[in-house]
Amino acid sequence: TYPTLAEAIDAVRGTGTIKLIKDVTLPEAITIPAGKNITLDLNGHTLSYGSDPVTLVSLKLFTAAALDVTNDAMIIVNGGSLTIVDSSTEQTGKIVVNDPSTAAIAVKGEKATVTIEGGTIKTAGDKLITVSDEGTATLTGGKFEDSTGTEVLPDEAVASTDNSRIVAIFKY
């Protein structure tokens with residue numbers, strides 16, 4: 001076991017799985033750097049960021065050409081690879097972003113990839129997952145909820161003219 005999620009990520013050499021054994025609140029964003037292929041198993045626990053309660057009311061998918069895709073995310077995949085799963089029987093694992101100015105995940109770089117196979121992602125802000133610089137995001141499972149617990153299903157990735165994409169659900 002490791003005292004922080006950041007230390008667990010640092011300890012992975014190449015490919016590895018990190019399984020949460022309790023709820024974790026991140027004091028700052030974490031980064032998955034190039035050369036790391038990490039599976040994050042929520043294991044029925046909640047990974048959260050920010051201290052304000054989620055206040056999102058409604059969500060919508062729309063284009064992201066004018067959005068600034070930056071490091072403003074809870075989890076930054078910068079050239080690395082991240083797969084999110086939830087191995088718990090109850091499927092209660094969650095990623096919750098309480099800071100309205102922060103995305104759940106930012107995927108940056110040509111070889112950066114994120115695959116969401118399980119868990120629930122909830123955010124108080126405008127975006128869930130941002131993808132830029134030819135990174136990729138694949139949604140094969142998991143749920144996306146607004147603050148009322150209403151499930152919202154993303155339709156597809158939305159391409160913009162500058163090769164940045166946002167695979168996300170936005171407030172409207």
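Attention in this report is confined to the structure presented alongside it.

About the criteria used
- Residues numbered from 1 in each chain as written.
- Predicted model: local features only at pLDDT ≥ 70, side-chain atom pairs only at ≥ 80, totals over all residues.
- Heavy atoms only, no water.
- Buried < 20%, exposed > 50% of the residue type's maximum accessible area, 1.4 Å probe, protein only.
- Helix = DSSP H or I, 4+ residues; strand = E, 2+ residues; numbered from the N terminus.
- Pairing = 2+ DSSP bridges.
- 1 Å grid on protein atoms, 1.4 Å probe; cavity = no way out; pocket = protein on both sides within 12 Å on 5 of 7 lines; lining within 4 Å.
- Points joined across faces, edges and corners; volume = space filled by probe spheres on them.
- Nonpolar A, V, L, I, M, F, W, Y, C, P; charged D, E, K, R; others polar.

Taking burial as the measure, the 6 residues of strand β9 (residues 103-108) include 6 buried ones, the bulk of the element. Here 5 bridges tie strand β6 (residues 73-78) to β9, and the two strands are oriented parallel to one another. Considered in β9, the bridge of Val77 is made with Val107. The sheet contact formed by β9 and strand β12 (residues 129-132) spans 4 bridges and is parallel. Within β12, the residue paired with Ala106 across the bridge is Thr130.

Our next topic: unusual backbone geometry. The backbone phi angle of Asn43 is positive, close to 50°, even though this residue is not glycine. Checked against the element boundaries, Asn43 lands in the loop between β4 (37-41) and β5 (46-49). Unlike most non-glycine residues, Gln91 shows phi in positive territory, near 55°.

Below, the discussion takes up empty space enclosed by the protein. Per the counting criterion, the structure on display carries 1 cavity of 30 Å³ or more. Forming the walls of the largest cavity are Leu5, Ile9, Ile18, Ile30, Ile32, Ile38, Leu40, Ile75 and Leu82. Of the residues that constitute the lining of the largest cavity, the class distribution is 9 nonpolar, no polar and no charged.

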